[in-house]
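Close look at the chain arrangement
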Amino acid sequence: MTSAGRGRIRVIAEELDLHRKRVLAEHPHLTLTGLYNVLEMLRAGKKSALA
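Report follows, based on the coordinates. (Residues numbered from 1 in each chain as written. Predicted model: local features only at pLDDT ≥ 70, side-chain atom pairs only at ≥ 80, totals over all residues. Heavy atoms only, no water.)

1. Focus on a nonpolar patch on the surface
- Together, Leu-32, Tyr-36 and Leu-39 give the surface a local cluster of nonpolar side chains, amounting to about 260 Å² of exposed area.
- Assignment of secondary structure puts Tyr-36 in helix 2 (residues 32-43). (Patch = residues over 30% accessible without salt bridge, like charges linked within 9 Å, V, L, I, M, F, W, Y side chains within 5 Å. Areas by Shrake-Rupley, 256 points an atom, 1.4 Å probe, with all protein chains shown as cover. Salt bridge = Lys/Arg side-chain N within 4 Å of Asp/Glu carboxyl O. Helix = DSSP H or I, 4+ residues; strand = E, 2+ residues; numbered from the N terminus.)

Right, here's the structure in full:
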């Protein structure tokens, strides 16, 4: 892998980590597992299950 490729992965990973931390701070009742469960429900089109 090139240096540019590693740098791009690093930037994306840092953005993902910041997003994860922000969402968990905004919704303290969620755990990391709960966050991924919500993501899977959204991907499966089960938005009504989140209400």
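2. With respect to the pattern of salt bridges
- A full pass over the atoms with the stated rule returns four salt bridges.
- A salt bridge links Arg-43 to Glu-40, with the shortest nitrogen-to-oxygen separation between them at 3.3 Å. Of this pair, Arg-43 and Glu-40 both sit in helix 2, three residues apart, roughly one helical turn.
- Exposure remark for Arg-43: the relative accessible area of 61% places this residue in the exposed category.
- Taking the relative accessible area as the measure of exposure, Glu-40 reaches 46% and is therefore partly exposed.
- Where salt bridges share partners, they join Asp-17, Arg-20 and Lys-21 into one cluster. (Buried < 20%, exposed > 50% of the residue type's maximum accessible area, 1.4 Å probe, protein only.)

3. Some remarks on the layout of surface pockets
- Reported here for the largest pocket is a volume of approximately 280 Å³.
- Looking at the largest pocket, the residues that line it are Leu-16, His-19, Arg-20, Val-23, His-27, His-29, Leu-30, Leu-35, Tyr-36, Val-38, Leu-39 and Leu-42.
- Listed by contribution, the elements that provide at least two residues to the lining of the largest pocket are helix 1 (3-26) and helix 2.
- At five residues, the largest contribution of residues to the lining of the largest pocket is made by helix 2. (1 Å grid on protein atoms, 1.4 Å probe; cavity = no way out; pocket = protein on both sides within 12 Å on 5 of 7 lines; lining within 4 Å. Points joined across faces, edges and corners; volume = space filled by probe spheres on them.)

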